[in-house]
Every structure is written in structure tokens, then in C-alpha cells.
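Residue-level structure breakdown
Below, each chain spelled out in residue letters.
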Amino acid sequence: MARSDALGRYRSKRDFARTPEPKGRAGRRRKAPRFVIQKHDATSLHYDFRLEAGGVLKSWAIPKGPSTNPRDKRLAMPTEDHPLEYGRFEGVIPEGEYGAGPVIVWDRGTYRNLTTRDGDEVPVEQALEHGHVKVWLEGEKLSGGYALTRTPIGGGGREKWLLVKLADDAADARRNPVRTQPESVLSGRTVEDLAAGAG
Ligand code: MN
């Protein structure tokens, strides 16, 4: 797909005269790819997990948010590719617009691709097409290995993935950052702060 078309789905869902979200342009690959997790209090609260790959942010909506416990399997529903600059977006998407509600940058950082096949690294875009990617996150709240795996699609359903913490030194079943660290890593604000400010 041409780079210029990569954000077609993203743009078609939004009215940029009304939403403060970036219109965006597909970017070039950078040396250390970034990840971001945005807490988004839309129709239902969820965490948008985004990985930079192929000049865009590959995206999943995770209703319960990420866990630091390798025993937890967190449902991750794929959503449209977002522009790289979306990774800095915080704000309130207006009533009546797609995804209406407050968004904060809950965590962000760089990541390394850990996906291999027969000892060789599999590029992230290819790994995602195959339905399985392993990454090492270097965030402010989250770190260490995570696996994202596509699950078989049941009758008539949407594609579903699972996000699971890998068992490494950063795994910690006693932590629960989604509950204990609700604030933005950019501004210190919560989605409730943003909603109150907009009201
Ligand atoms: Mn969202």
C-alpha cells in the first residue's frame, strides 16, 4: 500500500474541522521505534496500544488495559492505523465525533522487536501479518517483553488479539499500574481531569 493511502481509514472516520486529533501524515521509519498506550474514555473505557511500524502506529483497543502479570491474557481488538504524531495526542474528542471522550498518553517509550523465526528476526510488519509479534518495551510504566497474538476468529466475529506479558525480570503479578498509575506520563492529568476541564 502506498504511504499516502496508509491513513485512509483513520481519516475517513474523522471530521478534522471538529476533532482536535491530528490529521497526520505517514512518516518514515525511525531508528528506535516508539510505542504508546493512550487511555481513552469513549463509549467504553479502553487503552489504545500502538506500535510504530511501517511509518504508522499499528493499533489495538484493550478494554482492561495491559497487565504486568504473565498469567493475564488481555483482549486486544485491532483498530485502524494511526499517524505517528497521534502518539503525542491528549485532549477531548467532541461529543458526536468518532471516539468522543477524553484521551491521555498513559505510557510511552521505545521498543525492540523480539520476534524471531528459526533464529532470524522477523520484521514487525511481517510478524503482524503472521499474527504474532514479541516486543521489548522501554516505557515509563511498562517494561520488558510482551506478546501480541491473533486468535482464531469465531463465528461472524471481529478479529481478536491477546496481549500477554512475557515471563521476565519486568514481570510482576503484584503490580497493577492500570489501577495505581492512572495519570498521563505527559501532563500528569487523568481522563477525569480532562473531562472536567471540557465540561
Ligand atoms: Mn480509542
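Okay, so let's go over this structure.

Rules used in this analysis
Residues numbered from 1 in each chain as written. Predicted model: local features only at pLDDT ≥ 70, side-chain atom pairs only at ≥ 80, totals over all residues. Heavy atoms only, no water. Helix = DSSP H or I, 4+ residues; strand = E, 2+ residues; numbered from the N terminus. Rg over C-alpha atoms; globule rule 2.2 N^0.38 Å. Buried < 20%, exposed > 50% of the residue type's maximum accessible area, 1.4 Å probe, protein only. Contact = heavy atoms within 4.5 Å. 1 Å grid on protein atoms, 1.4 Å probe; cavity = no way out; pocket = protein on both sides within 12 Å on 5 of 7 lines; lining within 4 Å. Points joined across faces, edges and corners; volume = space filled by probe spheres on them. Salt bridge = Lys/Arg side-chain N within 4 Å of Asp/Glu carboxyl O. Donors = N, O, S within 2.8 Å, 3.2 Å for Na, K, Ca; no water.

A closer look at the overall build of the chain
When you go through the chain residue by residue, the secondary structure sums to four helices and 11 strands. For 199 residues, the compact-globule formula gives about 16 Å, and the C-alpha radius of gyration of the chain, at 16 Å, lands near that figure. Put simply, the chain has 199 residues, and 46% of those count as buried. Partitioning the intrachain contacts of the chain with sequence separation of at least 6 by distance along the chain shows that 57% fall at a separation of at least 24.

Here's the deal with the layout of surface pockets
One number sums up the size of the second largest pocket: a volume of about 400 Å³. His40, His46, Thr79, Tyr98 and Gly99 are, among the 24 residues lining the second largest pocket, the residues nearest its centre. When residues of the lining of the second largest pocket are traced back to their parent elements, those giving at least two are β2 (45-53) and β4 (73-82). It is β4 that contributes the most residues to the lining of the second largest pocket, five residues altogether.

Section: the pattern of salt bridges
What the rule picks out here adds up to nine salt bridges. For Glu80, the salt bridge identified is with Arg14, shortest N-O distance 2.9 Å. Residue Glu80 is located in strand β4, and its partner Arg14 is located in the loop between α1 (8-12) and β1 (34-41); the two are separated by 66 residues in the primary sequence. The class of Glu80 is buried, set by a relative accessible area of 2%. According to the relative accessible area criterion, Arg14 is buried, its value standing at 11%.

What about the coordination of the manganese ion?
Around the manganese ion, the protein contributes the donor atoms His40 (ND1), His46 (NE2) and Asp48 (OD), which lie 2.1 to 2.3 Å from the metal centre. Between consecutive donors of the manganese ion, the numbers of intervening residues give the motif H-x5-H-x1-D. Overall, His46 belongs to the buried group, its relative accessible area being 13%. Overall, Asp48 belongs to the buried group, its relative accessible area being 6%.

Shape is all these values report; function is a separate question.
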